[in-house]
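Listed below, chain by chain, are the residues.
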Amino acid sequence: MKVISVPSPLSLWTTVRSVGVFNVAGSFVALWAFIKVLRVLRLRLKTTQLRGPPRTSFIYGVSHDLVASQDSGGMYERWATEYGVAYMIPSVLGQTRTVLCDPRAIAHFYARETWTYVHTPLSSRLLESFIGRGLLWSEGEAHRRQRKALTPAFSNAAIRKLTSVFYDSAYKVKGAWDAAVESSKDDNAVIEVQNWMNHISLDTIGIAGFSHDFGSLDGKRASVTEVFDTFGNNQKASAVNQILFLLASAFPIVTKIPTKRRNLVKKLGVAMGEISSDLLIRSRREKDVNVSERDEEKSIIGLLIKSEGQDAELRMSEEEVMAQMRVLLLAGYETTSISLTWALIELSRHTDVQTSLREELLAFGADPTYDQLKASLPYLDAVVHEILRLHPPLGEFTRLAAADDVIPLSEPVRTVSGEMTDSICIAKGTLITIPGAAINRSSAIWGPDAKEFKPDRWLTEDGISGKAKEVQGHRHLLTFVDGPRTCLGKDFAIAEFKTVLLVLVKNFVFEMRNGPDTPVEIARGFFPRPRVVGEDGIGVPLRVRRYE
């Protein structure tokens, strides 16, 4: 039998030196470039080539324009008007993205998410490093298993029990604002509302999810709140950070470059990991003493602990449990607080809507139950969903095709060759973008008044156009996405949103500090946040007075 000898590392290095380090490096670069060219050729041959905007930058395509824009959704909508409901845009270093603005195509896409359409290498790397291998990161069977394990914690029965927690947080803010107004010389006070909304959301998810009071509404400082607030006060990404983020879409390794922003994100991840670990350890110790088996299984922390059991049907590892807790902390701080802040801004701009909402709430009387919040206050429901339509916390997302696919369209589009097609072929490796904010505010889908804050549209049969009814998301919105990745905490978030808004509008009158035409811009952070132009950080100062 012939023996094959394996060269030692020393002999390999000797060979490399004899050939030349630069020759070897050049060979690897050439091989990498050859593979990339083959992949690009395959994508071009197997993917329907659609029209789209020309690149405005040789390096970034149109990506830098989108990142720098205050209204990227408007850019996507204009391109859809010009090129059709599906089109291609040039991206970083020669990449292209296929953009879907068609309800039928988007429904097809969502039905196959986590299997056919998966995270890009960049988003997967960022999610894993920041929150771990939890529900947001996972794909396919792992995602299905984790989601099924967590679903009971967000049922109507579970949220119904948490309504009192939402009210407690809202009334803490009422008490603090009453004191601020009372101590002012006039009958009003200027209050920076966004940080208050952050702390409502964080304290609520702490108590409702983990039986832990962060105490941020009482002025307590914990490591996680300090880092969250620091992150909120460093919203404006530098030009260098923007460039690195764009390059990372082609080379995810770029995310390893140490920048001030990356260090801050890393610090936030560590802080969330520490608090999650502390909460998990404390809850394990207390579960037998303070929580009955029946109640434990319906709480978020109880379900997470139960899922660690070796015999659990939907077992999650400790790493996965920790990741779910990080996700809930992040969502608790960010998404609901952004929606609440936008609601106070829009009601301050539209005092007639604020008055109509207050009249409905006062006429109803006592604080409504969870079921009454869902079904008995139509104008509150309309205001909440109009905010969710106009101001979704996440404006767009991009996925990677893990397999070849054919996406149907509700109306034909013209290809680069001039042919009309009512479906598009997608090759494995294609990048697909869903511009959710653009769909939510599209005039072609929602009608000519799509850009207006108009809660009345939700109150009449013909208030929502036929095209909008084709969008297969919650209430025809893409705010909570759709399919396997539909936001699991959707009903929790809406119930909290309604409860807090109800308490604040019943008791206070809101105005923009400098008048209804005060300009508001988007501050770049972990999620896009509103900010009054000229303010530091995420400042949204409103003039607040008691409703007498």
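Trainee: How should I be thinking about the environment of L247 in this particular structure?
Mentor: Turning to its location among the elements, L247 is positioned in helix α12 (residues 239-248). L247 gets classed as partly exposed once you look at its relative accessible area, which sits at 23%. Taking the C-alpha atoms as reference, L247 lies 8.1 Å from Y60; in sequence the two are 187 residues apart. Beyond its immediate stretch of four places on either side in the chain, L247 contacts I59, Y60 and V92.

Trainee: I keep staring at unusual backbone geometry and nothing clicks. Help me out?
Mentor: Excluding glycine, residues mostly carry a negative phi; peptide bonds, for their part, are mostly trans. For T114, which is not glycine, the phi dihedral falls at a positive 75°. Tracing the sequence through the fold places T114 in the loop between α5 (103-111) and β3 (117-119). A relative accessible area of 3% places T114 in the buried class. The backbone of H476 shows a phi angle near 65°, a positive value even though the residue is not glycine. Take H476: it is sitting in the loop between α22 (443-446) and α23 (490-507). You can call H476 partly exposed: its relative accessible area is 25%.

Trainee: It is not clear to me how the pairing of strand β8 (residues 431-434) should be interpreted in this structure. Could you clarify?
Mentor: Two faces, one strand: in a regular strand the side chains alternate between the faces of the sheet. Residues of β8 alternate between two faces, with L431 and T433 on one and I432 and I434 on the opposite face, all of them buried. Taken together, the three bridges between strand β2 (residues 96-100) and β8 define a ladder with parallel strand orientation. From the neighbouring strand, V99 faces β8, where its bridge partner is T433. The pairing of strand β5 (residues 397-401) with β8 spans four bridges and is classified as antiparallel. What sits directly across from T398, in β8, is T433.

Trainee: Even after reading the chapter, I still don't get the packing of helix α10 (residues 193-210) against helix α17 (residues 335-349), so can you show me in this structure?
Mentor: The packing of two helices is summarised by the inter-axis angle and the distance between the axes. Relative orientation of the contacting elements α10 and α17 amounts to 140°, with a least axis distance of 8 Å. With respect to their mutual orientation, α10 and α17 come out oblique. Here the hand of the crossing between α10 and α17 comes out right-handed. Counted together, V193, Q194, M197, N198 and S201 of α10 and T336, S337, L340, T341 and L344 of α17 form the full contact between these two elements.

Trainee: How do you make sense of the packing of aromatic side chains when you look at a structure like this?
Mentor: Given two aromatic rings, their pairing is described by the distance between the two centres and the angle made by the two planes. For the structure on display, the rule yields 14 aromatic pairs. Between the aromatic rings of F109 and Y110, the centroid separation amounts to 5.6 Å while the plane-to-plane angle is 70°, which identifies the pairing as edge-to-face. As far as burial versus exposure is concerned, F109 and Y110 are alike and both buried. Ring centres of W446 and W458 lie 5.7 Å apart, and the angle between their planes is 50°; this geometry places the pair in the tilted category. Residue W446 is found in helix α22, and its partner W458 is found in the loop between α22 and α23; the two are separated by twelve residues along the sequence. For W446, a relative accessible area of 2% translates into the label buried.

Trainee: Which parts of the structure should I look at to understand the pattern of salt bridges?
Mentor: A pair can form between side chains of opposite charge whenever their charged atoms are brought close. For the structure shown, the criterion picks out 30 salt bridges. A salt bridge links K46 to D404; the shortest N-O distance between them is 2.6 Å. Of this pair, K46 sits in helix α2 (residues 21-46) while D404 is found in the loop between β5 and β6 (405-414), placing the two residues 358 residues apart along the sequence. Residue classification places K46 among the partly exposed positions, given a relative accessible area of 39%. Judged by relative accessible area, D404 falls into the partly exposed class, the value being 37%. For R145, the salt bridge is made with E320, and the minimal N-O distance between the two is 2.9 Å. One end of the pair, R145, is in helix α7 (residues 140-150); the other, E320, is in helix α16 (residues 318-333), with 175 residues separating them in the sequence. E320 sits in the buried class, given a relative accessible area of 12%. Counted as one network, the salt bridges with shared partners bring together E386, R389, D449, K454 and R457.

Trainee: Can you walk me through a nonpolar patch on the surface in this structure?
Mentor: A contiguous nonpolar surface patch, about 530 Å² in accessible area, is contributed by F58, I59, L93, F251 and I253. Tracing the sequence through the fold places F251 in the loop between α12 and α13 (260-290).

Trainee: Looking at this structure, how should I read helix α18 (residues 351-364)?
Mentor: Because each turn of an α-helix spans 3.6 residues, side chains separated by three or four positions in sequence point in the same direction. Along its 14 residues, α18 runs 20 Å from first to last C-alpha, staying within 8% of the 20 Å computed at 1.5 Å per residue. Among the residues of α18, V353, Q354, L357, R358, E360 and L361 are the ones counted as buried. Down the axis of α18, the buried side of the element spans an arc of 160°, and every buried residue falls inside it. In this structure, α18 carries D352, E359 and A363 as exposed residues pointing more than 90 degrees from its buried face. Those residues of α18 that are buried lie in contact with α17, α20 (378-390), α23 and β9 (508-512). A positive phi of about 100° marks G365, the residue just after α18.

Trainee: In this structure, what is going on with the nonpolar core? I would like to understand it.
Mentor: The nonpolar side chains of soluble globular proteins are, as a tendency, buried together. The biggest cluster of nonpolar side chains holds 91 residues, and the ones touching the most others in it are L100, W177 and L501. Setting aside its immediate chain neighbours within four residues, W177 contacts I191, V193, W196, M197, L344, L504, F508, F510 and V544. Core analysis: the second largest hydrophobic core is formed by 38 residues, F214, I275, I300 and A495 among them.

Trainee: Please clarify how the sheet that holds β5 should be interpreted in this entry.
Mentor: Whenever strands of a sheet pair, they do so through backbone hydrogen bonds, lying parallel or antiparallel. Taken in spatial order, the five strands of this open sheet run β1-β2-β8-β5-β3, and their pairing is mixed. Because the sheet does not close on itself, it has two edges, and the strands there are β1 (86-90) and β3. When the angles between neighbouring strand axes are averaged without regard to direction, this sheet yields 40°. Where β3 and β5 come together, three bridges link them in antiparallel fashion. Bridging across to β5, H119 finds its partner in R399. Contacting β2, β3, β5 and β8, α5 runs over the sheet at an angle of about 120° to β8.

The rules behind the values
- Residues numbered from 1 in each chain as written.
- Predicted model: local features only at pLDDT ≥ 70, side-chain atom pairs only at ≥ 80, totals over all residues.
- Heavy atoms only, no water.
- Helix = DSSP H or I, 4+ residues; strand = E, 2+ residues; numbered from the N terminus.
- Buried < 20%, exposed > 50% of the residue type's maximum accessible area, 1.4 Å probe, protein only.
- Contact = heavy atoms within 4.5 Å.
- Pairing = 2+ DSSP bridges.
- Axes fitted to C-alpha atoms, helices over the stretch in contact; angles between N-to-C directions.
- Parallel < 35°, antiparallel > 145°, perpendicular 65-115°, else oblique.
- Left-handed = near helix turned anticlockwise from the far one by under 90°.
- Phe/Tyr/Trp six-rings, centres within 6.5 Å; stacked < 30°, edge-to-face > 60°.
- Salt bridge = Lys/Arg side-chain N within 4 Å of Asp/Glu carboxyl O.
- Patch = residues over 30% accessible without salt bridge, like charges linked within 9 Å, V, L, I, M, F, W, Y side chains within 5 Å.
- Areas by Shrake-Rupley, 256 points an atom, 1.4 Å probe, with all protein chains shown as cover.
- Expected span 1.5 Å × (residues − 1).
- Arc of directions from axis to C-beta.
- Core = buried A, V, L, I, M, F, W, Y, C linked by side-chain atoms within 4.5 Å.

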